[in-house]
Amino acid sequence: VQLQASGGGLVQAGGSLRLSCAASGRTLSSNTVAWFRQAPGKEREFVAAIRWSGGITYYAGSVKGRFTISRDNAKNTVYLQMNNLKPEDTAVYYCAGGLGVITTTLRAVYGYNYWGQGTQVTVSS
């Protein structure tokens, strides 16, 4: 599976962006797809994830209530709607996918088998 992340950009604090993660090569059914982010000098951190089958979602505490992860079966694409953005949301955002991702490793980088190339999100104050 190849993942292509897009939709990043520069936005003012309080603004919104929608990221897309399009998959090719194979359907994402039975996968868990997640978004992670990495700010300069920091480790990559979990943002949100969705179980393709059933649509169960998971969020990091820092984004809950502001970000929404969703999927489009027909387009084999996962979205991350980001509202009320803050300067601390500035990072490179990566999408990741994996089969058989268990709940205890869902928030871990090592829980995923394949990654997109990342898209830059910059929030100005």
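The model shown is predicted, which means the values in this text are computed figures rather than measured ones.

A. Seen up close, the overall build of the protein chain. Within the protein chain one finds 0 helices and 11 strands. Moving toward the C terminus, one meets the helices and strands of the protein chain in the order β-β-β-β-β-β-β-β-β-β-β. Relative to a compact globule of 125 residues, whose C-alpha radius of gyration would be 14 Å, the protein chain shows 13 Å and is just as compact. A burial count over the protein chain gives 47% of its 125 residues as buried. Looking at the protein chain alone, contacts between residues at least 24 apart form 57% of all its contacts between residues at least 6 apart.

B. Representation of the state of the cysteines. In this structure the tally under the stated criterion is 1 disulfide. Here Cys-21 connects covalently by a disulfide to Cys-95, the sulfurs 2.3 Å from one another. On the sign convention where negative means left-handed, the S-S torsion of about 75° between Cys-21 and Cys-95 marks this disulfide as right-handed. Here Cys-21, found in strand E3 (residues 17-24), pairs with Cys-95, found in strand E9 (residues 91-99); they are 74 residues apart in sequence, far enough to count as distant. Just as Cys-21 is buried, Cys-95 falls in that class too.

C. Here's a closer look at the nonpolar core. Core analysis: the largest hydrophobic core is formed by 39 residues, its most contacted members being Trp-35, Val-78, Leu-80, Met-82 and Tyr-93. If one sorts the elements of this core by residue count, strand E5 (residues 45-51) sits on top with 5 residues. Apart from the residues lying within four places of it in its own chain, the contact partners of Val-78 are Leu-19, Ser-20, Cys-21, Leu-28, Val-33, Trp-35, Ile-50, Trp-52, Ile-69, Ser-70 and Arg-71.

D. Just the sheet that holds E3, in detail. Taking strand neighbours across the sheet as the criterion, the 4 strands line up as E1-E3-E8-E7 in an open arrangement whose pairing is antiparallel. Unpaired on one side and paired on the other, strand E1 (2-6) and strand E7 (67-72) mark the two borders of the sheet. Between one strand and the next, the sheet's axes are offset by a mean angle of 15°, whatever the strand orientation. With 5 bridges connecting them, E1 and E3 associate as antiparallel partners. By the bridge assignment, Gln-4 is partnered in E3 with Ala-22.

E. How the structure looks around unusual backbone geometry. Phi at Ser-30 is positive, roughly 75°, even though this residue is not glycine. As for its position among the elements, Ser-30 is in the loop between E3 and strand E4 (31-38). Even without being a glycine, Asn-76 presents a positive backbone phi close to 50°. Within the element layout of this structure, Asn-76 appears in the loop between E7 and strand E8 (77-82).

So, how was this worked out
Residues numbered from 1 in each chain as written. Predicted model: local features only at pLDDT ≥ 70, side-chain atom pairs only at ≥ 80, totals over all residues. Heavy atoms only, no water. Helix = DSSP H or I, 4+ residues; strand = E, 2+ residues; numbered from the N terminus. Rg over C-alpha atoms; globule rule 2.2 N^0.38 Å. Buried < 20%, exposed > 50% of the residue type's maximum accessible area, 1.4 Å probe, protein only. Contact = heavy atoms within 4.5 Å. Disulfide = S-S within 2.5 Å. Core = buried A, V, L, I, M, F, W, Y, C linked by side-chain atoms within 4.5 Å. Pairing = 2+ DSSP bridges. Axes fitted to C-alpha atoms, helices over the stretch in contact; angles between N-to-C directions.

Keep in mind these values describe shape, not function.
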